[in-house]
Amino acid sequence: MHSYYPEDLLAHAVNRYKADLRDMRFLMFEQFNLQDLLGKAPFGDWDQENIEMVISEIYKFATSVLGPLNQIGDEHGCKVVDGSVITPEGFKDAWAKLYEAGWRTVAVSPEFGGMGSPATIGILTDELLSGANTAFNMYPGLAMGAAEVVGHFGSDRQKKLFVQRMLDGRWGGTMCLTEPHAGSDVGASTTTAKKNEDGTYSIKGTKIYISGGDHDLSFDDNIVHLVLARIDGAVAGTKGLSLFIVPKRRVDDDGKNLRDNDVRVVSIEHKMGINGSATCVLSFGEDDECLGELIGEVEHHGMRQMFKMMNFARIGVGIQGLAVASSAYLNALEYARDRKQGSSVKDWKDPSAPRVPIIEHPNIRKDLLEMKAKVEGIRALIVKLSTHQDRETALAGKDDASAAYHKGQINLLTPLVKAYSSDEGFEICAKAIQVYGGAGYLRDHPVEQYCRDAKIFSIYEGTNAIQSLDLVGRKLGQAGGANTQAFLGDIQKFISANKDHELFADAIKQLQKAHEAVGGTVMLFLGWFQSGFMDRIPLVSERFLKMMSELAIGWLLLEQAVLAKEKLADVSDTHPDHAFYTGKIHGAIYFAKNILPTVVGTAKVISLADTSPNEIPDAAFGI
Amino acid sequence: MFDAEPFPEEEESEARLKILVPIKRVADPENANKVKVSADGTQVTSEGLEWAINPFDEWSLEAALRLTENRAEKKRTGEIIIVGIGPNDDGMMRTLRSALAKGAERGILVEADDASLDSSVVAKILAKIAEKESPDVVFLGKQTADGDSNVAGTITAEHLGWPLVNYATQITVADGGFTIKRELDTGVQTVSVKTPCVLTSSDRILHPSSVKNGITPDDFAYPESDHARTAPLRDIMKAKSKPFETITLDSLGIEAETTVEYTQFELPPARSGETTYVESVDELVQKLHGDAKVI
Ligand SMILES: Cc1cc2nc3c(=O)[nH]c(=O)nc-3n(C[C@H](O)[C@H](O)[C@H](O)COP(=O)(O)OP(=O)(O)OC[C@H]3O[C@@H](n4cnc5c(N)ncnc54)[C@H](O)[C@@H]3O)c2cc1C
């Protein structure tokens, strides 16, 4: 085959991805006790040993196959040749290896050929794959998300025809919502669907920014687009949208005889980051030959169905933020231990004092500790969410009240995971560059790419502003506020149990104050809603999402620290776990004393109810 | 006379190689900085270490897998028995199971205290198991990443009275044995060996066409890689249910009498991390040759 890339590109590729498997083990088996759910239905095939083996094999795969392609994808990007997208050198081979190894289907239900692991293993798999190569992992990630929707809402025929093929690498998948005039406002979509006599629909319209909208990776060269479109005569807004399966190439019921379905790649975007992921403008039905079928054969349920995928994808974006931030931190840490510059602050009067590694400078230590605490805190938040999923799965049909509690926490935490992780992920990557100094700004080190890749996370899958409105406008009050109350109640229980802790009493006092601040702000919002001050909410909703996330993370980190303190008693100081647990203690204290007080400060800001952004006339913003 | 048994059976059973692959778990070489020496200096402490399969054993396992499969059709065609020797702990079991996950058919763990083992005891154990199992090949790593003694294979062959070929870089199955290329400092040596035999390999065995077993098509190329294969998810899940036997030294009639005594371990001196800048090539040569004495 003709290659579009320099010959020896792959030979020079190196992996720079790093992950913290010890922390993953800690979360699974020490903090969230996943072992309680293993060895019995629905996770009967799973035990601690095979989970650890799977995670370590995936890490090997991530660092040996995906990691080396990360910079190649960034520098060479995708190309459109003769109307088709060519992905970066090496991606096709990596796709084949990924599906041969089966890593994408760890957590997929056995019904669709997966291994049915707890969702938590799927989440950590995703961290490893995304961290090693964010852009690459979007292709299989989207195929999987789309397959989930068909698996959940599709008719029996659709499930049989599409799902497994989208999960085993034969076909790809996308989600097509965005249009030139319908971004955050999905309801403004103008793509149309016209019912044909045979029950299919003719699709016509343009979708933009479609990730993986075309590629050369899938084994059978087909991609299943899930397209939001309005059936002729349907009402305006989101309620009139339906969701269609629109394959790139039409198939018969055996998945054979693939032939063109009039889906065209108009162009691909040139971007700041995730350059290995093709972001496509797609045109459907230019020649009136594009056929789609309605998912589950129900009309006007498009948004509800798409939300299934969006919730999955929102958690996925949170994982993306965590994944690159974690590797950015670990790379910065390695660099800080190595790079010598300046002398110790203790020797400030002595110009001949020896040069020290920059990790000895307090400023750098503070940055590193903040990055560490945030990365581990975000990972804890995400694993908390996924263990709620696993407990809900395990309890469904047996103990509906408990299952409902877990489901409620998943709903509540999803916008936090998406928005906090993506905002902070970007900040952590930027901080990593700062730790490196000039070197971090150069292509020679991975952190500048991480930073560019990470920026999109706060934008797609619903911008973080939209996430914060979802949190304040919908999630806080869901189930009559019961989910929020349960969340605050869980934290209060921890505070009450540990407020006199010999080591953490001070830190837990900060947690208590942050808890009060969040609780108080929720009450304030309730008052605003009741008094009709709706226009105040969007001015502070993003701040509130941050407050609530940091409260949750402060709690989870302190819970870790309490555990770590107990465990330290049984570990000799030469044991590597000694350093690990000690790190947990310092990270939690740092977060409690340096971040949690800002939660209280933000509550104060919100309570001032300043509305100047709403009052300033447009013209007064400037020229 | 006319035989009722269909012919192919016979042919297949001839091709079924049976290989014993001893596997040692060692402190993960990627985390070697975590290795610590006990206070009295006579022991390397294993406390809290991340265990990994000895990389040299990983190569021999890879070679053994290539000898006993049709890679093009992804079918196993022979039998690999993994042998672990050491304590029955998590690190050991994980290491052995990961070998099973890569494709080995069954496993044996000989329970023993790390301290009671040296190359001589290990070789005795392996010879005993080889006598019991009658494999075609005992395929060892040429050395271990921790002890670096480099003799277990040789002593095992001696006990068994079997031929030994060390440092195999290319193996071709030939009539009743193998044709093996060995890479030496002086060039490449080609030798023929009959089974049963003892083999060790070098890392070149990971080369895409290092093994020709007459079953995987000769033009099949394994992927270009510095690593042995990793286990796919499905096989990791199956590893748990593969036959596995745990036996004691007593049951083999072996006394763990070590012949080597370790008197002193020292960690390598810490790297100073000091950077020296030079102005010219001459100065660089002087520094490397005269001061550091490395060239
Ligand atoms: C690289 C990339 C990949 C993408 N992949 C996909 C994909 O696979 N599938 C797909 O369908 N889409 C995809 N998108 C589109 C993405 O989801 C949208 O860009 C995003 O939803 C925002 O829409 P917009 O760009 O039109 O911005 P706008 O909606 O125009 O928003 C502009 C700004 O206004 C704010 N804003 C807008 N409306 C409101 C409101 N009601 N309240 C408060 N603030 C508001 C936003 O937060 C934002 O800050 C991708 C985009 C990019 C850049």
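Here the residue index of a chain counts from 1 through its sequence in written order. Chain letters start at A and ligand numbers start at 1, both assigned in the order the entries are written. Local features are withheld for residues below a pLDDT of 70 in this predicted model, meaning they are given only at 70 or higher, and side-chain atom pairs are given and counted only at 80 or more; totals for whole chains, interfaces and linings count all residues.

Visitor: Quick question: what am I supposed to make of unusual backbone geometry here?
Guide: With glycine set apart, most residues show a phi of negative sign, and most peptide bonds adopt trans. Ala 41 of chain A connects to Pro 42 of chain A through a cis peptide bond whose omega is 0 degrees. For Pro 42 of chain A, the location among the structural elements is in the loop between helix 1 (21-31) and helix 2 (48-66). At the junction of Thr 195 of chain B and Pro 196 of chain B, the peptide bond is cis and its omega measures out at -5 degrees in the coordinates. For helices the rule is a DSSP run of H or I covering at least 4 residues; for strands it is a run of E covering at least 2, with both sets numbered from the N terminus onward. Of note, Pro 196 of chain B is situated in the loop between strand 13 (187-194) and strand 14 (197-201). Backbone geometry places Glu 297 of chain A, a non-glycine residue, at a positive phi of 55 degrees. Summarising the element assignment, Glu 297 of chain A is placed in the loop between strand 12 (291-294) and helix 8 (302-338). If you check the backbone angles, Ser 134 of chain B has positive phi at about 45 degrees while not being a glycine.

Visitor: How should I be thinking about the interface of chain B and chain A in this particular structure?
Guide: Once C-beta atoms have been placed from the backbone, residue pairs whose C-beta atoms lie within 7 Å are recorded as contacts. The interface of chain B with chain A comprises 21 residues on the first partner and 23 residues on the second. Contributions of two or more residues to the side of chain B that touches chain A are made by helix 3 (90-102) and helix 6 (233-239) of chain B. Broken down by element, the residue count for the side of chain B that touches chain A peaks at five residues, all from helix 3 of chain B. Residues are grouped as follows: nonpolar covers Ala, Val, Leu, Ile, Met, Phe, Trp, Tyr, Cys and Pro; charged covers Asp, Glu, Lys and Arg; every other residue, Gly included, is treated as polar. Residues that form the side of chain B that touches chain A fall into these classes: seven nonpolar, seven polar and seven charged.

Visitor: I tried to follow the environment of Lys 366 of chain A on my own but got confused; where do I start?
Guide: Residue and element names in this part refer to chain A. Along the chain, Lys 366 turns up in helix 9 (residues 362-395). Partly exposed residues are those whose C-beta has more than 12 but fewer than 20 other C-beta atoms within 10 Å; 20 or more makes a residue buried and 12 or fewer makes it exposed, with C-beta atoms placed from the backbone. The exposure class of Lys 366 is exposed, given the 12 C-beta atoms found within 10 Å. Each C-alpha atom, one on Lys 366 and one on Tyr 590, is 8.8 Å from the other, the two residues being 224 residues apart in sequence.

Visitor: What is the right way to read the nonpolar core from this model?
Guide: In a soluble, globular protein the nonpolar side chains are often hidden away together inside. Counting 252 residues, the largest nonpolar core has Ala 146, Phe 244, Ala 332, Leu 381, Cys 429, Ala 432 and Leu 558 of chain A as its most contacted members. A per-element tally of this core places helix 8 of chain A first, with 17 residues. Nonpolar cores are identified as sets of buried Ala, Val, Leu, Ile, Met, Phe, Trp, Tyr and Cys residues joined via C-beta atoms within 7 Å.

Visitor: Looking at this model, I keep getting lost on the confidence of the model for chain B. Mind explaining?
Guide: Atomic detail in the predicted coordinates should be set aside for any region of low pLDDT. All names here are of chain B. On average, residues of chain B score 85 in pLDDT, and 88% of them reach the 70 mark or higher. Here helix 1 (residues 7-15) stands out as the least confident element of chain B, with mean pLDDT 46; strand 9 (residues 106-111) is the most confident, with 96. Per residue, pLDDT captures the predictor's confidence, and it can take any value from 0 to 100. Across residues 1-14, confidence stays below pLDDT 50; counting only partners more than four residues off in sequence or on other chains, it has zero contacts. Here the predicted complex carries an ipTM of 0.81, next to a pTM of 0.91.

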